[in-house]
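# Summary of the model geometry
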Amino acid sequence: MKYEAVIGLEVHVQIKTRSKMFTRVAAGYGHPANTLTDPVVLALPGVLPVMNKAALDAIIKAGLLLGCDIAPVCKWDRKNYFYPDSPKNYQISQYDQPICLNGSVEIELPGRARNIQGEHKKIALTRIHLEEDVGKLNHEAFDSLVDYNRAGTPLMEIVSEPVIKSAEEAYAYLTSLRATMIYGGISDCDMEKGQLRCDANISIRPVGETRLGTKVELKNLNSISFVRDGIAHEIKRQIAVVESGGVIVQETRDYDGMTGTSQSLRSKEMAHDYRYFPDPDLMPVKVDEAWKARIHAECPELPFAKQTRFQGDYSLPYTLTSVLVWDQALADYFEEAAKLAGPGKAQAVGNWIVNDLQRELGAANLDLADARVRPAHIAELVKLIDAGTLLSNAAKEVFVEMAATGEPPAAIVAKRGLAAAPTDTAELEQWCRDAIAANAKSVAEFQAGKESAINGLKGPIMKASKGKANPKLVDETLRRLLAGA
Amino acid sequence: MPPLHFSTIAELSDALAAGKTTSVDLTRAVIARTQAVEERVKAFNSYDTADALAQAAASDARRAAGLSLGPLDGIPVGIKDVIAVTGQPLTASSKMLANFVSPYDATVTEKLRKAGAVIWGRLNLDEFAMGSSTENSAFHTTRNPYDLERVPGGSSGGSAAALAAGEAIATLGSDTGGSIRQPAALCNVVGLKPTYGLVSRYGLIAFASSLDQIGPFTRSVEDAAITLQAIAGHDERDSTSVRIEIPDYRAALRTKKGPWRIGIPREYFGEGLDPEVAAAVEKAVSFYEKMGCEIKNVSLPHTEYGVGVYYIIATAECSSNLSRYDGVRYGHRSADAKDIVDLYFKSRAEGFGPEVKRRIILGTYVLSSGYYDAYYLRAQKVRTLIRQDFLNAYDEVDAILTPTSPTPAFKRGAKADPLAMYLCDVYTIGVNLAGLPGISVPCGFSSGGLPIGMQLIGQPFKEADLLAIAHAYDSAHDWSRRTPNL
C-alpha cells in the first residue's frame, strides 16, 4: 500500500523587543543567569503584568506579512500548569481569540536542478498568537537550576493547518517563514539561541483516504535540517509500524538529530488540562484600522516578491536571485550597486556579489555590513570592465585587493598598472593574423559553422599579449579577419 | 480633642500644622498604645517601631522646613499584610509566606509615602484574604476590641481592630467580597471599598484579581476622603486601573449637599437579618428622609445568586493566582521532597491552611475541562446581570443603602461551617461583582454593646458623591467617634 504523510507545524518565534512581554526588564540572550529579572518576571507576591505594545506591533506585522486576518479584538488567557520554568505556574497566552487568523506561508519546492526554479505553493495557517516564553532548566548531577532570563520574552506561536505533505515541504516552509520574520525585523530566528523552535504533528494515511490518521507530536527539532530529518524519520517509522501490523499511538516523541532516532516522551493519557480562562489582570486589546495601517506602512517586500521583481527589472537569472533575495541586506546591496552601475550591467553586478564578494566575506569571516567593498566599488568595477579598461583576469586581482584595502577599483588599476593595452594597435591585428596562420584547424572548424572554435584562436593571442589584449577587440578583429579570409 | 491615638486624621493634621504636636510624638503615642493593648487585640503580624519613628522624624523635619506634604504627612497608617512594603514582611497571614520580606513597594505604599504618611505595621488577616473573621490567619486570631471573645470580621480584621483599638490613625485593607466593609461594621470604623480600577492593585497579593480592591479604614468619612485622595489614580503598572480625573474628595464633602435619592433594596432586608441591625439601619434611613432625601424602594432581583457566583469566580481566579506559591523561588519549601512534583505537593500541603486549600480545589474544579461553561462562564454571565441590576437602580437613585453585615460580631469559633461563614458577606459581595464603590459607616450599637454598620453603595467612580452622602450622616452622629473599653 502507498501512504501519504499529513504534517502540521507549530513554530515558536521569539519577538525581538527591548523589554519583556509584560514588564519593563530587558529581554536578551547570553546574560548571566537570572539577571534579566524583576518582581514581575519572578512572580513575586502582588505583581501585575502590563502588555508590551511593541510586541503587539511585531505580531501584527507578522500577520500582515503572512496575509492573516488581524482580529479587531484579541484577549489574554491564562494557561495553567505547574513546571519550574514557569514562574507563575501559568503562562499568559491567547486561547480562543488569537490576534492573527488564517493567512499562509509561500514556499518553493526544490526544482529539477539547482539552477531551475521549483514549484511554488501556499501552506495555510490556522492562527498566530502571542504569549510569554518560559525560563530554562539546567539539569546538573543532583540539582536542576532555573534561569529566568528567558522567562517573559514575547513569543509568537505560528500554527499551520495540517496540509504539509513531506519533510521537504516542511523544510521549505521553515526557510520561508524564517526569512519573512527576519525581513520584517520581527525576530533574528537564531535556532541555536532558541529564537525559533519547531514542533511537528505527523500522521500517515493510505493514499486516497480522507480521514486523518493518529498524530504523533515530534519535539526538540532544533535546526531546520533536524526538522526535515526528524519528519522523514517519523514518516518512515509510522509506515513501518503500520506495515508490520501495528497501530500508531498518540504520543509525543523526542527526536535526537545527532543519532537520527526518536523516543516516546509521553502518551495522550498524560495530556494536561490547562484550565484556560481570561486573564483578569489584562484588558482585551482592540486593533483598529489606523494601527493596522501604521504597521502596514512598515512592511517590507518579501523574498519571493523581490525575486520576481529582480527577474523582471534586472533580467537576473534564477540562480542569482535565489541567492540574493534570501538575505535582505545582500539584496539591498545588490540593488544599490546595480543602480550605480547603470542599465544592462545588473547581471555582471550580481555575479560579482554572489561569487566574489561572498567568497571574500566568507574567507575573512565578515558580515556584509562590515565589508570594505561597497556597492559603489562593484558598480565602478563593472563599468571599467565594460569600457574595456579592465580585463577579467586583472579585474579578479583588483577585486581581491579592493576587498583587502577598501580602495576604489580605478585607484588600484592605476597604482598597479592593470589597465588593458591600448585598443587599436597594429600589434593586436598582427597577433590575430599570427594566430589565424598558426591554427588552421580552428579556422576551418569556425568557418564550417562551429562558433566555439574561435576560442581556440584567442588563447595564443592572450599569451602573446601577456593577458593585456582587450578580449572584446580581439573577438571583433578575429571575426573581421576571418570574414575577409 | 481625644487622646492622640484616638484622634482623626483631620484633627491631627490641624494639630501638626499648628505645631501642637509632632509626628514623632504622635507615632510614640500610637506605639505606646499598641504596646499596651496589642497582647489582647492581636491586630498586628509585625511592626517596626524604629522604622516608624524614623519616618516620623523625617516628616517633622519636612514640616519644619516648610515642605509638608499635606494632611497625611506624619500620620501613622497601618497596612494589611497583603500589601507590599519594601524591607518589611509580606505574609498574607500564611505559613507559605511566613518568612517572605518584600523587596518592593506596592503602588499604594509609594503613594502614601509621597503623601508623607508613616507606614506603620503589618496587619493580620484571614490567610490570603479568604475569610470573614480573621480566624483563618495561620498566625493568630485578631479579637474584636469591643468584645475580645468575638471576631473583628475579615478578612481585613487586623486593619479594623487596630484602628478601633487606637493602634493606628488609619489603616489600609483590601476588599474582594466585603473584606473592608464587614470588619469595619463589626469594629465601629468607616471602611471604604473604592470602584474597581480606582486604586492600583500593584503590590497587593492577589486573591481574586477581578474583585480585589484596596481601600481605607478610618475614624470618619472625612478621613476616608483624605486617605482615598492619596491612594487613588491611574497606575501604569496595573492595566485594570482606570485613567480618570481624580476630584478633590474632601472638598466634595462640603460642596455636595444633597438632597439625594436613596434606594432601599428589599432583597437586603429579608431572612437572616438581625432585628437590631435592621432597626439601626432603618433609623439611618429615617435620618436621610428627615434631611429631605427621597427614599425609594429598588429591586436588585439577581441578589440571591451573588454568593454562588462569587464563590465560582473568586475561587477560579485564586486557584490560578496562588499557583505561584510553589516552594521553588521563595516562600515555604518542604524539607523532605523527593522530586519536583513531591516538592509542589508537600510545600503547598504544608504551606496553605484548610480554607485556602478548599478554595483552590473549588476553583480548580470550576475551571476544569468540561465544567468551564457550566460554572465559570455561566457565573460571568450572571455577574453581568447583577451589575445591570445596580445600574438599572441608578436610573432612579443616587445611592443604595443596606446593612453591611447581617449580624454584629459573632463569637470566635461560632461559624465552623464554611457555608455559614460565606453568608457573612451576603450584603457586600454584590458590590464587588458589580465593581461598584461601597462604604460602611457606623450607625449604632446592639443591646449587647456591639457595633452596627450600614452600607452605602455608589455609582462607578462617583466616590465624591458617595462620600458626601456618607459624610452627611457621619458628621451628624457620633457613632464613629466612640471607642471601646479596653
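Residues numbered from 1 in each chain as written. Chains lettered and ligands numbered in written order. Predicted model: local features only at pLDDT ≥ 70, side-chain atom pairs only at ≥ 80, totals over all residues. Heavy atoms only, no water.

Regarding its fold elements, chain A presents 15 helices and 17 strands. Relative to its length of 485 residues, chain A is extended, with a C-alpha radius of gyration of 30 Å against a globular reference of 23 Å. If you line up chain A on its principal axes, its C-alpha atoms span 90 × 55 × 50 Å. The proportion of buried residues among the 485 residues of chain A is 50%. Summed over its atoms, the accessible surface of chain A is roughly 22,800 Å², and 52% of this surface lies on carbon and sulfur atoms. Distance between charge centroids for chain A: 3 Å, based on 57 positive and 63 negative side chains. (Helix = DSSP H or I, 4+ residues; strand = E, 2+ residues; numbered from the N terminus. Rg over C-alpha atoms; globule rule 2.2 N^0.38 Å. Buried < 20%, exposed > 50% of the residue type's maximum accessible area, 1.4 Å probe, protein only. Areas by Shrake-Rupley, 256 points an atom, 1.4 Å probe, with all protein chains shown as cover. Lys, Arg positive; Asp, Glu negative; His and termini not counted. Charge placed at Lys NZ, Arg CZ, Asp CG, Glu CD.)

Turning our attention to the overall build of chain B. Per the secondary structure count, chain B includes 16 helices and eleven strands. The C-alpha radius of gyration of chain B comes to 21 Å, within 12% of the 23 Å expected for a compact globule of 486 residues. Expressed along its principal axes, the backbone C-alpha trace of chain B runs to roughly 65 × 55 × 45 Å. Among the 486 residues that make up chain B, the fraction classed as buried is 63%. Pairs at least 24 residues apart make up 75% of the contacts formed inside chain B by residues separated by at least 6 positions. Carbon and sulfur atoms make up 53% of the accessible area of chain B, which amounts to about 16,400 Å² in all. Side chains of chain B give 49 positive and 53 negative charges; the mean places of these two sets differ by 1 Å. (Contact = heavy atoms within 4.5 Å.)

With that settled, the discussion passes to the interface of chain B and chain A. Listed by partner, the interface residues are 38 residues for chain B and 31 residues for chain A. Summing both sides of the interface, chain B and chain A together bury roughly 2,800 Å²; the carbon and sulfur share of this comes to 57%. The three residues of chain B that bury the most area against chain A are Ser239, Arg324 and Arg329 of chain B, which together make up 21% of that side's buried surface. Where chain B touches chain A, the interface holds two salt bridges. The residue Glu236 of chain B makes a salt bridge to Arg24 of chain A at a minimum N-O spacing of 2.6 Å. Linking chain B with chain A are 20 residue pairs in polar contact (both at pLDDT 80 or more), by the criterion used here. Those elements that place two or more of their residues in the side of chain B that touches chain A are helix 10 (306-321) and helix 11 (340-351) of chain B. Ranked by the residues each element gives to the side of chain B that touches chain A, the list is headed by helix 10 of chain B, at four residues. Of the residues that constitute the side of chain B that touches chain A, the class distribution is 18 nonpolar, eleven polar and nine charged. (Buried area = accessible area lost by both parts, 1.4 Å probe. Salt bridge = Lys/Arg side-chain N within 4 Å of Asp/Glu carboxyl O. Polar contact = N/O pair within 3.5 Å; in protein donor to acceptor, adjacent residues only side chain to side chain. Nonpolar A, V, L, I, M, F, W, Y, C, P; charged D, E, K, R; others polar.)

What follows deals with the domain arrangement of chain A. Along its sequence, chain A is carved into domain 1 (3-294), domain 2 (303-416) and domain 3 (426-484). Inter-centroid distance (C-alpha atoms) of domain 1 of chain A to domain 3 of chain A is 63 Å. (Domains from an automatic or database assignment.)

This part takes up the environment of Ile340 of chain B. Residue position: Ile340 of chain B is located in helix 11. Separated by 281 residues in the primary sequence, Ile340 of chain B and Ser59 of chain B place their C-alpha atoms 49 Å from one another. The residues touching Ile340 of chain B, leaving out its near neighbours within four places in the chain, are Pro84 of chain A together with Val328 of chain B.

For the rest of this paragraph, the subject is the sheet that holds strand 5 (residues 90-93) of chain A. Strand order in the open sheet formed by three strands is 5-4-16 (chain A), with antiparallel pairing between adjacent strands. Strand pairing shows two members of the sheet lacking a second neighbour, strand 5 and strand 16 (277-278) of chain A, which therefore form its edges. By the bridge criterion, two bridges tie strand 4 (residues 77-80) of chain A to strand 16 of chain A in an arrangement that is antiparallel. From the neighbouring strand, Asp77 of chain A faces strand 16 of chain A, where its bridge partner is Pro278 of chain A. Most of the contacts of helix 10 of chain B go to strand 4 of chain A, to which it runs at about 60°, and overall it touches strand 4, strand 5 and strand 16 of chain A. (Pairing = 2+ DSSP bridges. Axes fitted to C-alpha atoms, helices over the stretch in contact; angles between N-to-C directions.)

With that settled, consider a nonpolar patch on the surface. On the surface, a nonpolar cluster with roughly 290 Å² of combined accessible area is contributed by Ile340, Val341 and Phe345 of chain B. When you line up the elements, Phe345 of chain B lands in helix 11. (Patch = residues over 30% accessible without salt bridge, like charges linked within 9 Å, V, L, I, M, F, W, Y side chains within 5 Å.)

Residues and elements named next belong to chain A. Mapped onto the elements, Arg228 comes out in helix 3 (residues 224-243). By relative accessible area, Arg228 is classed as partly exposed at 25%. Between the alpha carbons of Arg228 and Ser166 there is a distance of 8.5 Å; along the sequence they are 62 residues apart. In this structure, Arg228 is in contact with Ala167, Glu168 and Tyr171, ignoring residues within four places of it in sequence.

The next subject is the nonpolar core. Among the nonpolar cores identified, the biggest contains 142 residues, and Leu112, Phe128, Tyr288, Phe390, Ile439, Met454 and Leu467 of chain B are the most heavily contacted of them. Ranked by residue count, the leading element in this core is helix 10 of chain B, at nine residues. Setting aside anything within four residues of it in sequence, one finds Leu112 of chain B in contact with Leu72, Val77, Ile79, Ala117, Ile119, Leu172, Ala230 and Ile231 of chain B. By size, the runner-up hydrophobic cluster in this structure holds 62 residues, among which are Tyr3, Leu9, Ile60 and Met191 of chain A. (Core = buried A, V, L, I, M, F, W, Y, C linked by side-chain atoms within 4.5 Å.)

With that settled, consider helix 3 of chain A. All names here are of chain A. Counted at 1.5 Å a residue, the expected span for helix 3 with its 20 residues is 28 Å, and the 29 Å between its end C-alpha atoms agrees. The set of residues buried in helix 3 consists of Ile224, Val227, Gly230, Ile231, Glu234, Ile235, Arg237 and Gln238. Down the axis of helix 3, the sector holding all buried residues measures 165°, keeping them to one side. Along helix 3, exposed side chains directed more than 90 degrees from the buried face belong to Lys236 and Glu243. As for helix 3, its buried residues are in contact with strand 1 (3-14), helix 2 (167-183), strand 12 (196-206), strand 13 (216-221), strand 14 (251-256) and strand 15 (261-267). Phi for Gly245, located one or two positions after helix 3, is positive at around 90°. (Expected span 1.5 Å × (residues − 1). Arc of directions from axis to C-beta.)

What follows deals with the pattern of salt bridges. Residue and element names in this part refer to chain A. All chains considered together, the criterion is met by 62 salt bridges over all chains. Where Lys75 meets Asp77, a salt bridge forms, and the shortest distance between an N and an O atom there is 2.5 Å. Overall, Lys75 belongs to the buried group, its relative accessible area being 14%. Its relative accessible area of 1% is what places Asp77 among the buried residues. Note that Glu217 is salt-bridged to Lys219, the shortest N-O span being 3.7 Å.

This part is about the packing of helix 14 (residues 455-464) of chain A against helix 15 (residues 471-484) of chain A. All names here are of chain A. Relative to each other, helix 14 and helix 15 sit at 125°, their axes nearing to 11 Å. When the axis of helix 14 is compared with that of helix 15, the two are oblique. Crossing of helix 14 over helix 15 shows right-handed handedness. Of the residues in helix 15, those touching helix 14 at Leu457, Lys458, Ile461 and Met462 are Pro471, Val474, Asp475, Leu478 and Leu482. Of the residues assigned to the contact of helix 14 with helix 15, the class counts are seven nonpolar, no polar and two charged. (Parallel < 35°, antiparallel > 145°, perpendicular 65-115°, else oblique. Left-handed = near helix turned anticlockwise from the far one by under 90°.)

A few words now on the sheet that holds strand 10 (residues 438-445) of chain B. Residue and element names in this part refer to chain B. Overall, mixed pairing links the eleven strands, which are arranged 1-3-2-4-6-5-10-11-9-7-8 in an open sheet. At either margin of the open sheet sits one strand with a lone partner, and together these are strand 1 (44-46) and strand 8 (294-298). Along the sheet, successive strands turn relative to each other by an average axial angle of 35°, direction set aside. Bridging between strand 9 (residues 399-403) and strand 11 (residues 451-457) involves four bridges; their strand directions are antiparallel.

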